[in-house]
Amino acid sequence: MVSRLGVAVVGFGWMGRVHTQAYVRVPHHFPQLSLRPELVAVADDVPGRAEEAAGRYGFATAVRDWREIAADPRVHAVSIAAPNFLHREIGVAMAEAGKHIWIEKPVGLTVEDARAVADAVTKAGVRGTVGFNYRNAPAVAAARELIASGDIGTVTHVRVRLLSDYAAHPEGALTWRYERERGGGGVLGDLASHGVDLARFLVGEIESLAADTAVFIPERARPTSATAGHTRATGGAPGPVENEDYVNCLLRFASGARGVLEACRVSVGEQNNYGFEIHGTRGAVFWDFRRMGELRISRGTTYQDQPVSTLHVGPGHGEYAAFQPGAANAMGYDDLKVIEAYHFLRSVEEGTAYGPTLDDAVHSAAALDAMSGSAERRGWVSPVV
């Protein structure tokens, strides 16, 4: 029997749109779900944006104040895609109002913020999931299975990279993303949070780390009108970039493995160069987001000069079968968010966690805080969850 779940979206920039489209698509890809999302309300404080979203996607109600959604009895679940500095306030309020929440990473600016939302979700008895979407790639699921099965032996060392150019232009507007008070740790929250989640998802807990950070574009122009995404600005008053463009981090895992995590938002020539290389005592796995459906694998008993083969993922790897009937058919970024929506709705339907939880957000935030502390003190730090 199919039942309806009233959903709302708070914050309708790019990510709010992606969440909305995922809700619309999820019944088509996962018809076994008996819980179907119904677009009830959308909130955004930019004049006209919520109304435009309602007109395009069919939300019943458009508002500027997210508090109206917290008080709306028609809404049972909320996507929180607002800026980072609002995550804690909105997340806690929605949980306390009895709403299930799908919240974008990094869930606030600090580990205290993430913990506050996690505690509110637990206390309210609602379900919560976090936008760590890269773990949803079928090739990442295949890598996790290979590692867990021991096919590459004991993991020895790991490299996770997240390099992008979205902030590389010197005319990029000085939005909230570059302010410490509203944007937190800059590239740490934007990209390194994903890197930490992938590292934990594939290898296990991070025991200690040592990090270095840098700001490479120290000043930007303030925008003169409302912005969305990573827009340019000219003519506005200049202001300082207060948070990190770059982080490089050494990792020690509880298993004894070692790792390197590097993230940068101003890498000229790099567009979404995200991926990992994980080496074990008998083999290795390699994944590049830009070739999302491929997993390069080395395994066997030759060790030296051991070849690397390419697995084209297909049905049987993660949730691939919900999108394509045969191996090597391409999937895209938005498909990963559809999988995320499915896990969220399934968690609500069954009362059991599927996909990343608020606990994962707390662990990621603890590692990011440790990176900031390590860069400041120039030494090894253990994340405090």
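Heads up: the structure comes first, above all this text.
Everything in this summary refers to the structure shown in the same document. Computed from a predicted structure; not experimentally measured. (Residues numbered from 1 in each chain as written. Predicted model: local features only at pLDDT ≥ 70, side-chain atom pairs only at ≥ 80, totals over all residues. Heavy atoms only, no water.)

1. A word on the nonpolar core
Side chains that are nonpolar tend, in soluble globular proteins, to be buried together. This is how the line gets drawn: Remark: nonpolar core denotes a set of buried residues (Ala, Val, Leu, Ile, Met, Phe, Trp, Tyr, Cys) joined through side-chain atoms within 4.5 Å. Type-normalised accessible area, obtained with a 1.4 Å probe on protein chains alone, sets the label of each residue: buried when under 20%, exposed when over 50%, and partly exposed for intermediate values. Numbering of helices and strands runs from the N terminus, with a helix taken as a DSSP run of H or I at least four residues long and a strand as a DSSP run of E at least two residues long. We call two residues in contact whenever any of their non-hydrogen atoms come within 4.5 Å of each other.
Core analysis: the largest hydrophobic core is formed by 82 residues, its most contacted members being Ile278, Val285, Trp287 and Met371. A total of 10 residues in this core trace back to one element, the largest contributor, which is helix α8 (residues 187-203). Leaving out residues up to four positions away in the same chain, Ile278 has contacts with Ile147, Ile152, Val155, His157, Val158, Leu202, Val203, Gly283, Ala284 and Val285.

2. Considering empty space enclosed by the protein
To keep things clear, this is the line we draw: Computed over the protein atoms alone on a 1 Å grid, cavities are sets of points where a 1.4 Å probe fits but cannot get out and pockets are open sets with protein on both sides within 12 Å along at least five of seven lines; a residue lines them when it has an atom within 4 Å of a point. Grid points are joined across faces, edges and corners, and a volume is the space filled by probe spheres set on the points. Only Asp, Glu, Lys and Arg are considered charged, only Ala, Val, Leu, Ile, Met, Phe, Trp, Tyr, Cys and Pro nonpolar, and every remaining residue, Gly among them, polar.
Enumeration over the complete set of coordinates arrives at 2 cavities of 30 Å³ or more. Considering only enclosed or pocket space, the largest cavity measures out at about 40 Å³ in volume. Lining the largest cavity are Pro138, Ala139, Met292, Gly293, Val313, Tyr320, Asn329 and Met331. Classifying every residue of the lining of the largest cavity by side-chain character gives 6 nonpolar, 2 polar and no charged. Roughly 30 Å³ of volume is contained in the second largest cavity. In this structure, the second largest cavity is lined by Arg127, Gly128, Thr129, Ser347, Ala353, Tyr354 and Thr357. Its residues assigned to classes, the lining of the second largest cavity comprises 2 nonpolar, 4 polar and 1 charged.

3. Some thoughts on the sheet that holds strand β3 (residues 61-63)
Two strands in a sheet stick together by hydrogen bonds in their backbones, pointing the same way (parallel) or opposite ways (antiparallel). Rules: Only when DSSP finds a minimum of two bridges between them are two strands counted as paired. To obtain each axis, a line is fitted to C-alpha atoms, and for helices this fit is confined to the stretch in contact; angles are then taken between N-to-C directions over 0 to 180 degrees.
Read across the sheet, 6 strands follow the order β3-β2-β1-β4-β5-β6 without closing on themselves; strand pairing throughout is parallel. The outermost strands of the open sheet, each flanked by one partner alone, are β3 and β6 (128-130). When the angles between neighbouring strand axes are averaged without regard to direction, this sheet yields 25°. Pairing of strand β1 (residues 3-10) with strand β2 (residues 35-43), which is carried by 8 bridges, proceeds in the parallel orientation. When the sheet's bridge partners are listed, Val7 is paired in β2 with Leu39. Together, β2 and β3 form the strand contacts of helix α2 (residues 49-57), whose direction differs from that of β2 by roughly 150°. Running at roughly 175° to strand β4 (residues 77-80), helix α4 (residues 87-96) makes contact with β1, β4 and β5 (100-103) of the sheet.

4. Points about the pairing of strand β13 (residues 273-280)
The element β13 is extensively covered by neighbouring structure, given that 7 of its 8 residues are classed as buried. Relative to β13, strand β7 (residues 155-163) runs antiparallel, the two sharing 8 bridges. Each bridged residue has a counterpart across the sheet, and for His157 the counterpart in β13 is His279. Inspection of the sheet shows β13 paired to strand β14 (residues 283-288) by 5 bridges, in the antiparallel sense. By the bridge assignment for β14, His279 is matched with Ala284.

5. Looking at the sheet that holds β14
Reading across from one edge, β8-β11-β12-β7-β13-β14-β15-β16 is the order of the 8 strands in this open sheet, with mixed pairing throughout. Of all strands in the sheet, those bounded by a partner on one side alone are β8 (206-214) and β16 (309-312). Ignoring strand direction, the axes of neighbouring strands in this sheet form an average angle of 15°. Strand direction decides the pairing type here: β14 and strand β15 (residues 294-299), joined by 4 bridges, are antiparallel. Across the sheet, Phe286 pairs through a bridge with Arg296, a residue of β15. Sitting on the sheet, helix α6 (residues 138-149) is in contact with β7, β13, β14, β15 and β16, with an inclination near 20° to β15. Of the strands in this sheet, β7, β8, β11 (246-253), β12 (258-264) and β13 touch α8, which is tilted by about 155° from β12.

6. Comments concerning the packing of aromatic side chains
Rule in force here: Geometry of aromatic contacts follows a simple scheme: Phe, Tyr and Trp rings, the Trp one being its six-membered ring, pair when their centres are within 6.5 Å, and the pair is stacked under 30 degrees between planes, edge-to-face over 60, tilted otherwise.
According to the stated counting rule, one finds 16 aromatic pairs in the structure shown. With 6.1 Å between their ring centres and 50° between their planes, Trp102 and Phe344 make a pair best called tilted. Here the residue Trp102 occupies a position in strand β5, and Phe344 occupies one in helix α9 (residues 333-350), the gap between them amounting to 242 residues. Exposure class is identical for Trp102 and Phe344. Each is buried.

7. A word on the state of the cysteines
So the rule is basically this: For the purposes of this analysis, a disulfide is any pair of cysteine sulfur atoms at a distance within 2.5 Å.
Tallied over the entire structure, the rule returns 0 disulfides. Take Cys249: it sits in no disulfide, and the sulfur closest to it among the cysteines is that of Cys264, at 15 Å. Residue classification places Cys249 among the buried positions, given a relative accessible area of 1%.

The values are spatial; any link to function lies outside them.
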